[in-house]
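# Coordinates in review
Listed here are the chains, written in short residue letters.
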Amino acid sequence: MSDKMVNKAGFVLVDGIYGLNYDALERNPDAWPASYQNPNYLNVFAAGIAFAPPGPISKPYINKNGLSITAAPPRTGMVSGVIGRVVALNIVDLIKNGRMTHHERMSEMVAACIASMGDSLWDGSAAVMVMYPIVPDIKHYPNESGRDLFVSLMEMGLAGAWMKFVLHHTFIWKFKGNLGWKIIPE
Amino acid sequence: MTLDLIEEFEMEITPKDKAFMNNKIYQFWRFIVLNIKILRAVDHSKRS
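Residues numbered from 1 in each chain as written. Chains lettered and ligands numbered in written order. Predicted model: local features only at pLDDT ≥ 70, side-chain atom pairs only at ≥ 80, totals over all residues.

Each α-helix turn comprises 3.6 residues. Residues three or four places apart therefore point the same way. Residue and element names in this part refer to chain A. Here helix H3 (residues 77-96) contains 20 residues, and its C-alpha end-to-end distance of 29 Å stays within 8% of the 28 Å for a straight helix at 1.5 Å per residue. Close packing links the buried residues of H3 with strand S3 (111-116). Positive phi shows up at Gly98, right after H3, with a value of about 85°. (Helix = DSSP H or I, 4+ residues; strand = E, 2+ residues; numbered from the N terminus. Expected span 1.5 Å × (residues − 1). Contact = placed C-beta atoms within 7 Å.)

Structure follows, in structure tokens:
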């Protein structure tokens, strides 16, 4: 049973295409899971760090000491929030209509990250990063990074510290389900 | 494959950059722009 449920590392297998090497995975953004449902046990979903990614998001390397350097996709923060929303809405769909209508692959998902470097609102600083799509899609964005360069950005400064402060408060507002929580991004 | 062929990438924060990073008026402008950019990116994303 566990072979059908999880991979060797213990991550839950979902509707992605597993076993592709990096070159094949890079050319096939649809190999990334869309509904995060286990294909063998249809009542099992895995969101955030629980699901097994099909592979790395950049070319794996081995250094001269034989150490493997492999970039796993980020599955915490905004990504886990977005996947959690997709899974939750699909469970509601299954209960109400018997079929799922929501899906979002990491190769079509946007993520923003704010890394704090001092939380003072007067002289603090933070790095703001926006990445779209999270998993490079060289089919749609045939540049070196496989990403939309009009959307993807990185910037450092005091504005980031203010954004981190606002983000914390809007998140708590959203989690409490207060007025307008639906329009606040995950 | 090894890391031998990786290009060296350096990013230096100049004193001018540092001044801009803590300039309140400029950073207020960037705060507005970055918020709009993130909200537009979220809207641009699939969200289905």
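Once you've had a look at it, read on.
For the rest of this paragraph, the subject is the sheet that holds S3(A). The strands that make up a sheet pair up through hydrogen bonds in the backbone, lying either parallel or antiparallel. All names here are of chain A. Read across the open sheet, the three strands follow the order S3-S4-S5; overall the sheet is antiparallel. Two strands in the sheet have a free side with no partner beyond their single neighbour: S3 and strand S5 (153-157). Put simply, the sheet's adjacent strands are angled 10° from each other on average, direction ignored. Pairing geometry for strand S4 (residues 126-131) and S5, over five bridges, is antiparallel. When the sheet's bridge partners are listed, Ala127 is paired in S5 with Met156. (Pairing = 2+ DSSP bridges. Axes fitted to C-alpha atoms, helices over the stretch in contact; angles between N-to-C directions.)

Turning to the environment of A:Ile138, a few remarks are in order. All names here are of chain A. With respect to the helices, strands and loops of the structure, Ile138 is situated in the loop between S4 and S5. Take Ile138: there are 15 C-beta atoms within 10 Å of it, and that puts it in the partly exposed class. Once the C-alpha coordinates of Ile138 and Glu26 are considered, the two residues, 112 residues apart in sequence, prove to be 7.4 Å apart. Residues within four places of Ile138 in sequence aside, it is in contact with Glu26 and Gly146. (Buried ≥ 20, exposed ≤ 12 C-beta atoms within 10 Å, placed from the backbone.)

With that out of the way, let us pick up the interface of chain A and chain B. Frequently, the measure chosen for interface size is the accessible area removed from exposure when the parts meet. Chain A puts 26 residues into the contact, and the matching count from chain B is 19 residues. Counting only elements with at least two residues in the side of chain A that touches chain B, the list comes to strand S1 (61-62), S4, S5 and helix H4 (158-175) of chain A. By residue class, the composition of the side of chain A that touches chain B is 16 nonpolar, five polar and five charged. (Nonpolar A, V, L, I, M, F, W, Y, C, P; charged D, E, K, R; others polar.)

Let's shift gears to the domain arrangement of chain A. All names here are of chain A. Considered domain by domain, chain A is made up of domain 1 (1-106) and domain 2 (110-186). At the junction of the two partners, domain 1 supplies 13 residues and domain 2 supplies 10 residues. Here the side of domain 1 that touches domain 2 gets six residues from one element, more than from any other, and that element is H3. Residues that form the side of domain 1 that touches domain 2 fall into these classes: nine nonpolar, two polar and two charged. (Domains from an automatic or database assignment.)

Turning to unusual backbone geometry, a few remarks are in order. Among all residues save glycine, negative phi is the norm, and among peptide bonds the norm is trans. All names here are of chain A. Cis geometry marks the peptide bond from Tyr132 to Pro133; its omega dihedral reads -10°. Checked against the element boundaries, Pro133 lands in the loop between S4 and S5. Positive phi is not limited to glycine here, since Tyr36 has a value of about 60°. Of note, Tyr36 is situated in the loop between helix H2 (22-27) and S1.

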